[in-house]
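So you can see what is in the structure, the chains are spelled out below.
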Amino acid sequence: MSAAKPDPYFDLIIDEDLKKNQWPQKLIASQKEGGNMSLMCQTMTKEMFEKLKGLKTSSGGWTVARAMNTGTLYPTSFVGCHAGDLESYSLYKDLFHPVIEAYHKGYKMDGSMKHVTDMDVKKITEDLSTSTKSKIISTRIRVARNLSFFPLNPGGSRTTREKIAEHMDKVFADLPDDLKGDFFRHTTMSDQQRQQLIDDHFLFRGKDKMQAASGYHQEWPHGRGIFVSKDKTFIVWVNEGDHLHIISMEQGGDVRSVFSRLSRGIEAIEKGLKRVTGRAEVFMTDPILGVITCCPSNLGTAMRGSVHIRVPKLIASWGFEKLDTLARSKDCQARGSSGEHSEVKDRIDVSNWRRLGFSESSLVQDMIRFANSISDEEDKLK
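Treat the numbers as computed from the prediction; the structure is a model and nothing was measured.

Cut-offs used in this document
In every chain, residue numbers begin from 1 and rise along the written sequence. Side-chain atom pairs in this predicted model are given and counted only at pLDDT of 80 or more, local residue features only at pLDDT of at least 70, and totals for whole chains, interfaces and linings cover all residues. Side-chain metrics in this entry use all non-hydrogen atoms of the structure; hydrogen atoms and water are not considered. UniProt positions are given in the numbering used here, feature names are shortened, and annotations may be inferred rather than shown by experiment. Each helix is a run of DSSP H or I of at least 4 residues and each strand a run of E of at least 2, with the numbering of both proceeding from the N terminus. Helix axes are fitted only over the stretch in contact, all axes being lines through C-alpha atoms; the angle between N-to-C directions runs from 0 to 180 degrees. Any angle that falls under 35 degrees is termed roughly parallel, while one over 145 is termed roughly antiparallel, one within 65 to 115 roughly perpendicular, and all others oblique. The hand of a helix crossing depends on one turn: near helix anticlockwise from the far one by less than a right angle means left-handed, and clockwise means right-handed. Note on contacts: a residue pair is in contact if any heavy atoms of the two residues lie within 4.5 Å. Note on residue classes: Ala, Val, Leu, Ile, Met, Phe, Trp, Tyr, Cys and Pro are nonpolar, Asp, Glu, Lys and Arg are charged, and everything else, Gly too, is polar. In the cavity and pocket records, a cavity denotes points on a 1 Å grid over the protein atoms alone where a 1.4 Å probe fits but cannot get out, a pocket denotes an open set with protein on both sides within 12 Å along at least 5 of 7 lines, and lining residues are residues with an atom within 4 Å of a point. Grid points are joined across faces, edges and corners, and a volume is the space filled by probe spheres set on the points. Each residue after the first adds 1.5 Å to the expected span of a helix. Using a 1.4 Å probe on the protein chains alone, a residue whose accessible area is under 20% of its type maximum counts as buried, one over 50% counts as exposed, and one in between counts as partly exposed.

Some points on the UniProt feature "domain: Phosphagen kinase N-terminal" (unreviewed entry) in the chain
Line of reasoning, step 1. UniProt feature "domain: Phosphagen kinase N-terminal" (unreviewed entry): in the numbering of this structure it lies at residues 19-105.
Line of reasoning, step 2. The span residues 19-105 is 53% helical and 0% strand by assignment, and the distance between its end C-alpha atoms comes to 33 Å.

As structure tokens, then:
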């Protein structure tokens, strides 16, 4: 009986040349064509590939062929390369450092700059205006974290994912009372539980070709799960892409409340992991790169702070593209109400764009300032 055909939305499909550790013909064609290419496509050369192709990381066995697979298969993916472990960023620095500097404008990878994590809510000094608050539907701030004693998920396995989930099961059981909730495994949740999580817009379901090409979705759905607090304001995705996505959210525009809960949640999870594992340090970090993530775009704070804001007149008058262009000029990003590439109707998702080299509080303030500015523009329209 023939093997089942790989599913590009979930299975790891590797470019045929990269599978043989050869310079990919598909990349040659993409680079000749030019246009809207990923940062990897813009950076990688045949000479660089030949220099790096014989290397392999000691912790995760990551290769440059695996690192560049997403951007080879999907040349227009924005970044196009992923790390399999912390060592990837140094062993393949010829690729990753230019990509990081191109994405995180102004940040230098020559050792002259450091990233410092700061979750102090008191340092958020900007405020949403009364008019802006009246337009905000919900506020959500999330961060990624990876456990330092496992490979990153593109280089992980079913075993490593399941071990991470087992650790988190124990951590969730001992969270403070205001964060307590339930951990639902993708492999064991009931149909009723699954439907409720879908209805609440909490459940992550994979099914992304570009993420699958990095190795995010291997062994789906094993080792995946979602923790939801009793009041549904604190959520943790386990092994969606990075090991953990820690999320604080609530209706309305109380940004400080959301940020404060997130800070307490991260601290509680870190403390719990140290207790469960007996390790002094549990999160994967680096003095220059900050919080380590699979995708170079999330390095640094690994944080996205966002509000859903209702601006129907501005959307109708300006169009989404103009709004997003303005957002980028203000160090923010505009997306559809259900995330990137989603439909835009009467509201948009506004979030910080920068991550590396900036404090978490300053990035939340980027988002607040831009939300205020488009609220003002909405008010001007009749």
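So, next bit.
With respect to the packing of helix H10 (residues 158-172) against helix H13 (residues 255-277)
Line of reasoning, step 1. Their axes nearest at 9 Å, the elements H10 and H13 cross at an angle of 115°. Regarding the angle of H10 to H13, the classification is roughly perpendicular. Between H10 and H13 lies a crossing of right-handed hand. The residues of H13 that touch H10, namely those facing His167, Met168, Lys170 and Val171, are Ile269, Gly272, Leu273, Arg275, Val276 and Thr277.
Line of reasoning, step 2. Of the residues belonging to the contact of H10 with H13, the class tally is 5 nonpolar, 3 polar and 2 charged.

Describing the layout of surface pockets
Line of reasoning, step 1. When its volume is computed, the second largest pocket comes out at roughly 280 Å³.
Line of reasoning, step 2. Around the second largest pocket, the lining comprises 14 residues; the ones closest to its centre are Thr117, Arg145, Ile266, Glu270 and Phe283.
Line of reasoning, step 3. Broken down by secondary-structure element, the contributors of at least two residues to the lining of the second largest pocket are H13, strand E6 (285-286) and strand E7 (290-291).
Line of reasoning, step 4. At 4 residues, the largest contribution of residues to the lining of the second largest pocket is made by H13.

Points about H13
Line of reasoning, step 1. Between the first and last C-alpha of H13 there are 33 Å, a value that for 23 residues agrees with the 33 Å anticipated at 1.5 Å per step.
Line of reasoning, step 2. Those residues of H13 that sit buried are Val255, Val258, Phe259, Arg261, Leu262, Ser263, Gly265, Ile266, Ala268, Ile269, Gly272 and Leu273.
Line of reasoning, step 3. In this structure, the buried residues of H13 make contact with strand E1 (136-145), H10, strand E4 (234-238), strand E5 (244-251), strand E8 (303-310) and helix H16 (360-380).
Line of reasoning, step 4. A positive phi of about 75° marks Gly278, the residue just after H13.

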